[in-house]
Amino acid sequence: MMGFGPRQPVIELFLDDEHRNRASYWLPELVFRGHTDEGQFWITPGVKWMSDGEAWRFEHLNEGGLLFVAGEVRSAADGWHTALTVQNRSDKSWPNVAAAACLLLSSAIDYADSNRSRTYYRTEGRFQTFGQSSFDGGQEVYRMSRVKGVNLIERSQRHMAKWGFTRTPSDDGVIAVMHASTHRILTVTWESVNHLQANAKPAFACIHANPGFGSIAPGKSSTVKGSVLITDGNLETAWAKALRSVGGG
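Presented here is a report on the structure given in the accompanying data block. If you're wondering where the values come from, they're calculated on a predicted model, not measured in any experiment.

**A short note on the overall build of the protein chain**
Logical step 1: From N to C terminus, the protein chain includes 2 helices and 18 strands.
Logical step 2: On C-alpha atoms alone, the protein chain measures out to a radius of gyration of 17 Å, which is about the 18 Å that the 2.2 N^0.38 rule sets for 249 residues.
Logical step 3: Seen along its three principal axes, the alpha-carbon backbone of the protein chain occupies a region of about 50 × 45 × 35 Å.
Logical step 4: A total of 249 residues make up the protein chain; the buried ones form 56% of that total.
Logical step 5: Within the protein chain, contacts between residues at least 6 apart in sequence are counted, and of these 60% link residues at least 24 apart.
Logical step 6: Approximately 10800 Å² of the protein chain is accessible, and the part contributed by carbon and sulfur atoms is 49%.
Logical step 7: For the protein chain, the distance from the average site of its 26 positive side-chain charges to the average site of its 25 negative ones is 4 Å.

Right, dumping it as structure tokens:
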């Protein structure tokens with residue numbers, strides 16, 4: 001049976017029964033407020049995970065007291081169901097809030113994909129790898145994809161120099177990696193996704209479906225539900241299951 005356990009502020013997800021493949025889910029790495037690399041909160045130390053036997057949860061007031069975050073990871077037969085809450089404890093409205101939710105695959109040897117030839121998104125109704133996509137600039141190791149219909153948070157010049165976006169956007173906010181030697185497919189998504197991300201440095205080979213929370217007024221919060229699933233079959237089957245898991249499809 002697949003298992004999972006916490007490591008601050010990361011939770012470890014074992015992707016097979018043999019514990020051969022371990023993914024580290026950073027939930028979240030940071031929270032953006034209106035810009036992708038300015039006005040952001042890195043999650044500060046002090047996250048305390050607690051378990052009731054079925055799910056791991058945390059509640060955390062970030063250093064400075066302006067940001068409150070809460071997370072949940074619940075075990076399922078085919079993976080995990082997730083939830084992330086962001087609360088604005090400042091006196092100003094936060095436009096276009098998003099979180100970086102990193103699924104690190106460096107220790108998942110059958111899923112880590114250095115050339116992104118097995119890392120897929122769906123665009124214009126077809127599946128396409130990040131490796132075969134063209135981008136609007138940025139460095140080779142850092143790749144993103146906008147999600148159709150979503151207003152992307154603003155990009156600074158520094159961000160544009162580092163990150164390249166696929167020239168055609170994601171249709172639906174699902175990102176997937178195929179197992180290197182079997183028909184298993186790992187998918188990540190949320191009910192609201194701001195953008196996808198796939199990094200290829202060995203130290204942080206990772207994929208992201210970064211949840212979007214919209215605008216959050218002072219004192220208000222927003223919660224987004226997601227999933228990390230393992231599917232045996234083809235991309236169509238994996239996509240349908242991922243979207244169903246967050247109320248889409």
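**Section: the sheet that holds strand 18 (residues 221-232)**
Logical step 1: Strand order in this open sheet of 9 strands is 5-6-7-8-18-15-14-10-11, and the pairing throughout is antiparallel. With partners counted over all chains shown, the strands left at the sheet margins are strand 5 (50-51) and strand 11 (126-129), one partner each.
Logical step 2: Relative to strand 6 (residues 55-61), strand 5 runs antiparallel, the two sharing 2 bridges. Of the residues in strand 6, the one forming a bridge with S51 is W56.
Logical step 3: Sheet strands touched by helix 2 (residues 235-245): strand 8 (79-88), strand 10 (119-123), strand 11, strand 14 (175-178), strand 15 (184-190) and strand 18. Its angle to strand 18, the strand with the most contacts, is close to 150 degrees.

**Quick look at the side chain of T166**
Logical step 1: With respect to the element layout, T166 can be found in the loop between strand 13 (164-165) and strand 14.
Logical step 2: Overall, the relative accessible area of 5% leaves T166 in the buried class.
Logical step 3: A polar side-chain atom of T166 sits 2.8 Å from a polar atom in the side chain of S145.
Logical step 4: Not counting the four nearest positions on each side in its chain, T166 is found in contact with Y121, F130, S133, S134, F135, M144 and S145.

**Quick notes on the pattern of salt bridges**
Logical step 1: Overall, the coordinates contain 14 salt bridges when judged by the stated rule.
Logical step 2: R116 is the partner of E140 in a salt bridge, and the nearest nitrogen-oxygen pair spans 3.5 Å. Separated by 24 residues along the polypeptide, E140 in the loop between strand 11 and strand 12 (142-146) and R116 in the loop between strand 9 (94-104) and strand 10 bring together distant segments of the chain.
Logical step 3: Here R116 falls in the buried class, since its relative accessible area comes to 4%.
Logical step 4: The network of salt bridges with common partners includes D52, E54, R57, E72 and R74.

**Quick look at empty space enclosed by the protein**
Logical step 1: A full pass over the atoms with the stated rule returns 1 cavity of 30 Å³ or more.
Logical step 2: Volume-wise, the largest cavity comes out at about 50 Å³.
Logical step 3: L105, Y111, A112, D113, R116, T119, A198, N199, A205, C206 and I207 together form the lining of the largest cavity.
Logical step 4: Where the lining of the largest cavity is concerned, the elements lending two or more residues are strand 16 (193-199) and strand 17 (206-216).

**Side note on the nonpolar core**
Logical step 1: By size, the foremost hydrophobic cluster in this structure holds 46 residues, and its most contacted members are Y25 and L103.
Logical step 2: Take this core: its biggest share by element is 5 residues, from strand 9.

**Notes on unusual backbone geometry**
Logical step 1: A cis amide bond links L27 with the next residue in sequence, P28, at an omega value of -5 degrees.
Logical step 2: Relative to the elements of secondary structure, P28 occurs in strand 3 (residues 22-33).
Logical step 3: The phi torsion at R116 lies on the positive side, around 55 degrees, for a residue other than glycine.
Logical step 4: Notably, E124 is not glycine yet its phi reads approximately 55 degrees, a positive angle.
Logical step 5: Among the secondary structure elements, E124 is positioned in the loop between strand 10 and strand 11.

**Some remarks on the side chain of N88**
Logical step 1: Inspection of the secondary structure assignment puts N88 in strand 8.
Logical step 2: The class for N88 is buried, based on a relative accessible area of 0%.
Logical step 3: A polar contact is formed between the side chain of N88 and the backbone oxygen of K92, at a distance of 2.7 Å.
Logical step 4: Among residues more than four places away in sequence, those in contact with N88 are L66, S93, W94, I216, A217, P218, G219 and K220.

Definitions and cut-offs
Going along each chain's sequence as written, the residues are numbered from 1 onward. Restriction of local features to residues with pLDDT of at least 70 applies here, the model being predicted, together with a cutoff of 80 or more for giving and counting side-chain atom pairs; totals for whole chains, interfaces and linings are based on all residues. Excluding hydrogens and water, the side-chain figures rest on all heavy atoms present in the structure. Note on conventions: DSSP H or I runs of at least 4 residues are helices, E runs of at least 2 residues are strands, and numbering of each starts at the N terminus. Every radius of gyration here is taken over C-alpha atoms, with the globule rule written as 2.2 Å times N^0.38, N being the number of residues. Buried residues are those whose accessible area, probed at 1.4 Å on protein chains only, stays under 20% of the maximum for their type, while exposed residues exceed 50% and partly exposed ones sit between those limits. Whether two residues are in contact is decided by their heavy atoms, any of which lying within 4.5 Å being enough. Surface exposure here means Shrake-Rupley accessible area, sampled with a 1.4 Å probe, where a residue is shielded only by the protein chains that are shown. Only four residue types enter the tally: Lys and Arg on the positive side, Asp and Glu on the negative side; His and the chain ends are excluded. For the purpose of locating charges, the reference atoms are NZ of Lys, CZ of Arg, CG of Asp and CD of Glu. Paired strands, in this sense, are two strands between which DSSP finds at least two bridges. Convention adopted: a line fitted to C-alpha atoms gives each axis, helices being fitted over their contacting stretch, and angles between N-to-C directions are expressed from 0 to 180 degrees. Pairing of N or O atoms within 3.5 Å defines a polar contact, subject to two protein rules: one partner must be a possible hydrogen donor and the other a possible acceptor, and residues neighboring in sequence count only if both atoms are side-chain atoms. Salt bridges, as used here, are contacts in which a Lys or Arg side-chain nitrogen is within 4 Å of a carboxyl oxygen on Asp or Glu. Note on definitions: the grid is 1 Å and covers protein atoms alone; a cavity is a set of points where a 1.4 Å probe fits but cannot get out; a pocket is an open set with protein on both sides within 12 Å along at least five of seven lines; lining residues have an atom within 4 Å of a point. Grid points are joined across faces, edges and corners, and a volume is the space filled by probe spheres set on the points. Put simply, a nonpolar core is a bunch of buried Ala, Val, Leu, Ile, Met, Phe, Trp, Tyr and Cys residues held in one set by side-chain atoms that sit within 4.5 Å of each other.

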